[in-house]
Amino acid sequence: MEELLSILRELHPEVDFETCSTLIDDKILDSIDIVTLVAEIGSEFDVEVPAEELTPENFNSAKALWEMVQRLDEE
């Protein structure tokens, strides 16, 4: 999880990713951030994020993102 938080902090150092659960709803993360995250997650965790996983629910919080990474890592 710490690696993921580090990636997120590089994108938006001003955001408290440990408590924020509205990253998409509040437009904190935009489409460029999502593309960057998908690439970084692929590199860091060696998982591919398929198109069907690109949902607001999976990107609204660091916790949701981490759960998605863990789920994809098990596949």
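All values derive from a computational prediction rather than experimental measurement.

Cut-offs and rules
Residues numbered from 1 in each chain as written. Predicted model: local features only at pLDDT ≥ 70, side-chain atom pairs only at ≥ 80, totals over all residues. Heavy atoms only, no water. Core = buried A, V, L, I, M, F, W, Y, C linked by side-chain atoms within 4.5 Å. Buried < 20%, exposed > 50% of the residue type's maximum accessible area, 1.4 Å probe, protein only. Helix = DSSP H or I, 4+ residues; strand = E, 2+ residues; numbered from the N terminus. Contact = heavy atoms within 4.5 Å. Expected span 1.5 Å × (residues − 1). Arc of directions from axis to C-beta. Polar contact = N/O pair within 3.5 Å; in protein donor to acceptor, adjacent residues only side chain to side chain.

> Which parts of the structure should I look at to understand the nonpolar core?
Side chains that are nonpolar tend, in soluble globular proteins, to be buried together. Within the largest apolar cluster, 21 residues are counted, with the highest numbers of intra-cluster contacts made by Leu8, Phe17, Leu37, Ile41, Phe45, Leu65 and Met68. Those elements giving two or more residues to this core turn out to be α1 (2-11), α2 (31-45) and α4 (62-74). In terms of residue count, the dominant contributor to this core is α4 (5 residues). If sequence neighbours within four positions are ignored, Leu37 has contacts with Ile7, Leu8, Leu11, Leu29, Phe59 and Leu65.

> Teacher, can you tell me more about α2 here?
Residues three or four positions apart in an α-helix share a direction because the helix packs 3.6 residues into each turn. Here α2 is 15 residues long and its end C-alpha atoms lie 21 Å apart, about the 21 Å a rise of 1.5 Å per residue gives. Burial in α2 covers these residues: Asp33, Ile34, Leu37, Ile41 and Phe45. Projected down its long axis, α2 shows its buried positions confined to an angular sector of 95 degrees, all on one face. When the buried face of α2 is taken as reference, the exposed residues oriented beyond 90 degrees from it are Ser31, Ile32, Val35 and Ser43. For α2, the secondary structure elements touched by its buried residues are α1, α3 (56-59) and α4. Its side-chain oxygen 3.1 Å from the backbone nitrogen of Ile32, Asp30 forms the N-cap of α2.

> I'm lost on unusual backbone geometry in this one. Help?
Glycine aside, a negative phi is what most residues show, and trans is what most peptide bonds show. Residue Lys27 is not a glycine yet carries a positive backbone phi of 60 degrees. Summarising the element assignment, Lys27 is placed in the loop between α1 and α2. Given a relative accessible area of 69%, Lys27 falls into the exposed group.

> Sorry, what's going on with α4 here?
The terminal C-alpha atoms of α4 lie 18 Å apart, and with 13 residues this matches the ideal 18 Å at 1.5 Å per residue to within 8%. Restricting attention to buried positions, one finds in α4 the residues Ala62, Ala64, Leu65, Met68, Val69 and Leu72. The arc that holds every buried residue of α4, seen down its axis, measures 160 degrees, which confines them to one face. Residues of α4 that are exposed and angled more than 90 degrees away from the buried face: Lys63 and Glu74. Turning to α4, the residues buried within the fold contact α1, α2 and α3.

Treat this as a map of the structure, not an account of what it does.
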